[in-house]
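Structural overview for review
For reference, the chains in residue letters:
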Amino acid sequence: MSPKPMSPKPMGADPLSPDAAGRTPGEDDMTSTGASSIQLPHGALAVIVVRDGRLPVGADDTVAEAGGSAILVGSGTEQGANELSAAHHIWFAEAGPGLRPARLAEALAPLLARCSLVVMPASPDGRDLAPRVAALLDRPLIARAVSAELRADGSDGASSGGVRAVVARLDDRVLVPIETDGPTVVTLAPTGRATGHGAVTTVERVALAERHPDRNGDGDPEVMAVLEPDVLTMDLADATRVVGGGAGLVAGLDDHQATEVFDRLIRVAGVLGASAGATRVATDAGWTGYERQIGTTGVTIDPELYVALGISGATQHVGGLGAPRHIVSVNTDSSSPMTAMADLGLVTDARAFLAELAGRLATGATEAPRTEEKMKPL
Ligand SMILES: Cc1cc2nc3c(=O)[nH]c(=O)nc-3n(C[C@H](O)[C@H](O)[C@H](O)COP(=O)(O)OP(=O)(O)OC[C@H]3O[C@@H](n4cnc5c(N)ncnc54)[C@H](O)[C@@H]3O)c2cc1C
């Protein structure tokens, strides 16, 4: 997307720099440096943790659920603000590299005290930060909701101050409504409901207040290293690249052969830095695990890239795709719905395509497979 008009407004000194009296900003008052004058909304607000400019999966869904208001915290937040498509009012605050969730929660809590509904993506960082913020604000936490809104109970439609949310349980087979009577923190599963580009009206840089250095380390573990998730085993919902397989990938094969093809799909996807997904036809047949099923009764994903091999694009499948930036469809039917919605449609046999890809990857056309992938031929 094209960059949005930015109007950064530094709201205070560098939060990490001591003042003239030698005090670290915020030493006496957590919200004293710039942060105290931030006017966050009274209603709903999305809190998005950004790492090196990368938004978490479900960021736009979360912002849309909060009505378009969001504060971005972490590293590369200005870049993250440019990537958001569902926001109309964005605040962004650099917390520097190496996220310290306990310290971040302490800096954020006073600012969020006025917001009745605080929504965070149910991403790893969101799941880490949300309970800390909820505990500091003494508010209930609703984890991994599929929707959340302010309750408007009065006859005049005025907000009651409480929140109405829906959570999905038992592998998303049961939807449970939850209501609270007061301000609430919610983590939101990717919903795929963020549509189009919001009209950003304001983007503000803000400074979060810092704690006294003597209190460093409280509640935050010492970070030895940050490891990227293993695409072979990571939660499909968090994957930024997904290669999905459907019935067309194994057309004409028996169950045993089909299972082998899906195993190959997982390995080839891994070499491409992608996670493997599947349609319900594939999981119901037992060709691959249910945890790989994408769709309304499976996992909701929101990747940058989705490659669909032999997938028709039924609404129940597409309903779980989110809004991938790029879609590639490999299908013998040039008019299949999946190909119709793809940026690139390859009209060819999906299994032959996968075999060709495996051969090229194994012969060094790209980076070598990792150790566990070398144990089996692609
Ligand atoms: C209540 C309900 C919930 C559901 N939930 C889900 C869900 O969560 N997720 C989900 O995925 N589905 C779900 N479904 C099922 C869904 O309706 C579709 O049946 C399913 O998504 C189709 O899977 P498919 O694309 O693999 O198979 P098909 O629809 O059979 O499509 C196969 C595709 O492969 C192509 N093809 C055939 N041969 C080749 C070849 N050699 N090479 C390349 N392409 C080829 C065909 O042209 C076709 O487009 C649900 C259904 C119901 C009723």
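Topic: the site of the ligand
Of all residues adjacent to the ligand, which total 28 residues, the nearest are Gly246, Gly248, Arg280, Gly295 and Ser312. Those elements that provide at least two residues to the shell around the ligand are α6 (280–284) and α7 (315–318). The dominant element in the shell around the ligand, judged by the number of residues it contributes, is α6, at three residues. In the shell around the ligand, the residues fall into nine nonpolar, 16 polar and three charged.

What to know about the environment of serine 69
Turning to its location among the elements, serine 69 is positioned in strand β2 (residues 69–74). Judged by the 20 C-beta atoms lying within 10 Å of it, serine 69 is buried. With 23 residues separating them along the chain, serine 69 and alanine 46 place their C-alpha atoms 6.2 Å apart. Leave out the neighbours within four places in its chain, and serine 69 touches Pro41, Ala44, Leu45, Ala46 and His89.

Considerations on the confidence of the model for the protein
Per-residue confidence for the protein averages 83 on the pLDDT scale, and 79% of its residues sit at or above 70. In this model, residues 1–33 is a region of pLDDT below 50 whose contacts with residues beyond four sequence positions or in other chains number 57 contacts. For the stretch residues 364–375, pLDDT sits under 50, and the model shows nine contacts to residues farther than four places along the chain or on other chains.

Looking at the nonpolar core
Within the largest apolar cluster, 61 residues are counted, with the highest numbers of intra-cluster contacts made by Ala70 and Val133. Contact partners of valine 133, with chain neighbours within four places excluded, come to Ala105, Leu108, Ala109, Leu112, Val118 and Val185. Core analysis: the second largest hydrophobic core is formed by 40 residues, Val231, Val261, Ile294 and Val307 among them.

Procedures and definitions
- Residues numbered from 1 in each chain as written.
- Predicted model: local features only at pLDDT ≥ 70, side-chain atom pairs only at ≥ 80, totals over all residues.
- Near = placed C-beta within 6 Å.
- Helix = DSSP H or I, 4+ residues; strand = E, 2+ residues; numbered from the N terminus.
- Nonpolar A, V, L, I, M, F, W, Y, C, P; charged D, E, K, R; others polar.
- Buried ≥ 20, exposed ≤ 12 C-beta atoms within 10 Å, placed from the backbone.
- Contact = placed C-beta atoms within 7 Å.
- pLDDT = per-residue confidence, 0-100.
- Core = buried A, V, L, I, M, F, W, Y, C linked by C-beta atoms within 7 Å.

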